[in-house]
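Architecture and fold: a report
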Amino acid sequence: MSELRPLAILGGTFDPIHNGHLRAAWEAVEALDAEVRMVPARTPPHRPPPVADAAGRVALLRAALSGQDRLSIDTRELDRDGPSYTVDTLASLRAEIGPDRPLVLLVGADAFAGLASWHLWKELFRLAHIGVLTRPGGDHPLPDELAAFVADRRAPRVQGPAGLVVDIAITPLDIAATAIRETFAAGHEPRFLMPSECFADEALLAPYRALGR
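- The name an unreviewed UniProt entry gives the chain is Probable nicotinate-nucleotide adenylyltransferase, with Luteibacter anthropi as the organism.
- Check the Function (unreviewed entry) section of the UniProt entry for the chain; it says "Catalyzes the reversible adenylation of nicotinate mononucleotide (NaMN) to nicotinic acid adenine dinucleotide (NaAD)."
- For the record of the chain, the UniProt heading Sequence similarities (unreviewed entry) holds the text "Belongs to the NadD family."

What follows is the structure, encoded as C-alpha cells:
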C-alpha cells in the first residue's frame, strides 16, 4: 500500500452494524481508493448509551467484516475514556499516520448539515478532509455559517492531506439501526438488513433479542 493512499474512517455506534453502514463504507473504498476503517464510538456525546456493550458491538463488526480485507475495525474510541469526540479521534489518527497522508472523515449528508454543532468543528478541516456520503435526491441545506466556511473547500476528489469537502455518491439503502432494534423488540428477525454472518452466532445478537423480553 502506498503511504499516500487515503485513510478514511466511518464512525458510529454500530448498534447494531447493518448493510447500510457496510455498503456506504465499501463504496467509499472504491470512490477514494482508500483504506477504510470502521470506528465504533464508546460514549456518543449526543445519543443514549448503546444497547450492546463495546465488546459486543466489536464482535458483531468482526463477524460482519469477515471474508474481505478492504474494510477494517479501529477501536481507538473504545480504548479511551470519556465522550467520543471526532476531533480527538482525527488528532490521534493524524499523529499516527503523519502530516502528509490524506485522511478522510466520512459522514452522511444529514450529519454534515449539522457539522457546525460538533465539538471544535472547524478543527476537523485542519486534520482531515470531509467525505460527504450523498444519496440521489437527498436535500440537506447547510446553515449559513457552515455554507460560508466550506464554499471554497469543495473539490471533486481528495487532494493533499486535509481541508477539502468531497461528495461521495452512495447507493440509497433505507436501513436504520433504530428500526432494527425495534424489529428485535417486536420479536421479529431483521434478516437481510444485517450481514448473514451476524446471525451465525446467537450470542452476538443476545443484547438485541433481550429487547423483546
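Some words on the sheet that holds strand E1 (residues 7-12)
- Here six strands make up an open sheet; going across it, the order is E3-E2-E1-E4-E5-E6 and the pairing parallel. Every interior strand has two partners, whereas the edge strands, strand E3 (71-73) and strand E6 (165-169), have only one. Shown here is a sheet whose adjacent strand axes are inclined to one another by a mean of 30°, direction ignored.
- Two strands pair when backbone bridges link them, and strand E4 (residues 103-108) and strand E5 (residues 129-134) are joined in this way by five bridges, in the parallel orientation. Bridge pairing links leucine 106 to glycine 131 in E5.

Comments concerning the packing of aromatic side chains
- For the structure on display, the rule yields three aromatic pairs.
- With a centroid separation of 5.0 Å and 70° between ring planes, the pair formed by tryptophan 121 and phenylalanine 149 is classed as edge-to-face. Remark: phenylalanine 149 occurs in helix H6 (residues 144-150) and tryptophan 121 occurs in helix H5 (residues 121-127); sequence separation between them is 28 residues.
- Overall, the relative accessible area of 22% leaves phenylalanine 149 in the partly exposed class.
- Consider the rings of phenylalanine 125 and phenylalanine 149, whose centres lie 5.1 Å apart with planes at 65°: the pair is edge-to-face. In this pair, phenylalanine 125 is assigned in helix H5 and phenylalanine 149 in helix H6, connecting sequence segments 24 residues apart.
- Under the relative-accessibility criterion, phenylalanine 125 is labelled buried at 3%.
- Note that arginine 70 overlies the ring of tryptophan 26, its terminal NZ or CZ placed 5.1 Å from the centroid.

Re the pairing of E1
- As paired strands, E1 and strand E2 (residues 35-40) are joined by six bridges and run parallel to one another. What sits directly across from isoleucine 9, in E2, is arginine 37.
- Each parallel crossover has a hand, and for E1 linked through helix H1 (residues 19-32) to E2 it is right-handed.
- As defined by bridge partners, E1 adjoins E4 across four bridges and the pair is classed as parallel. Bridge assignment links isoleucine 9 to a residue of E4, and that residue is leucine 105.

Notes on the pairing of E4
- A large share of E4 lies buried, amounting to six of its six residues.
- Both faces of E4 are covered, namely the face carrying Leu103, Leu105 and Val107 and the face carrying Val104, Leu106 and Gly108.

Thoughts on the pattern of salt bridges
- Applying the stated criterion across every chain, the model contains 17 salt bridges.
- The salt bridge involving arginine 126 is made with glutamate 123; its shortest N-O contact spans 2.5 Å. One end of the pair, arginine 126, and the other, glutamate 123, are both in helix H5, three residues apart, so they sit about a helical turn from each other.
- Assessed through its relative accessible area of 29%, glutamate 123 is described here as partly exposed.
- Each member of the salt-bridge network shares a partner with another, and the members are Glu35, Arg37, Asp74, Arg76, Glu96 and Arg101.

Focus: unusual backbone geometry
- A cis amide bond links aspartate 15 with the next residue in sequence, proline 16, at an omega value of 5°.
- Here proline 16 is to be found in the loop between E1 and H1.
- One non-glycine residue, aspartate 33, lies in positive phi territory at about 50°.
- With a phi angle near 50°, leucine 120 is a residue other than glycine that sits in the positive phi range.
- Topologically, leucine 120 is positioned in the loop between helix H4 (109-113) and H5.

Rules used in this analysis
Residues numbered from 1 in each chain as written. Predicted model: local features only at pLDDT ≥ 70, side-chain atom pairs only at ≥ 80, totals over all residues. Heavy atoms only, no water. UniProt positions renumbered as here; feature names shortened; annotations may be inferred. Pairing = 2+ DSSP bridges. Helix = DSSP H or I, 4+ residues; strand = E, 2+ residues; numbered from the N terminus. Axes fitted to C-alpha atoms, helices over the stretch in contact; angles between N-to-C directions. Phe/Tyr/Trp six-rings, centres within 6.5 Å; stacked < 30°, edge-to-face > 60°. Buried < 20%, exposed > 50% of the residue type's maximum accessible area, 1.4 Å probe, protein only. Lys NZ or Arg CZ within 6 Å of the ring centre and 35° of its normal. Right-handed = clockwise from strand over helix to strand, strands pointing away. Salt bridge = Lys/Arg side-chain N within 4 Å of Asp/Glu carboxyl O.

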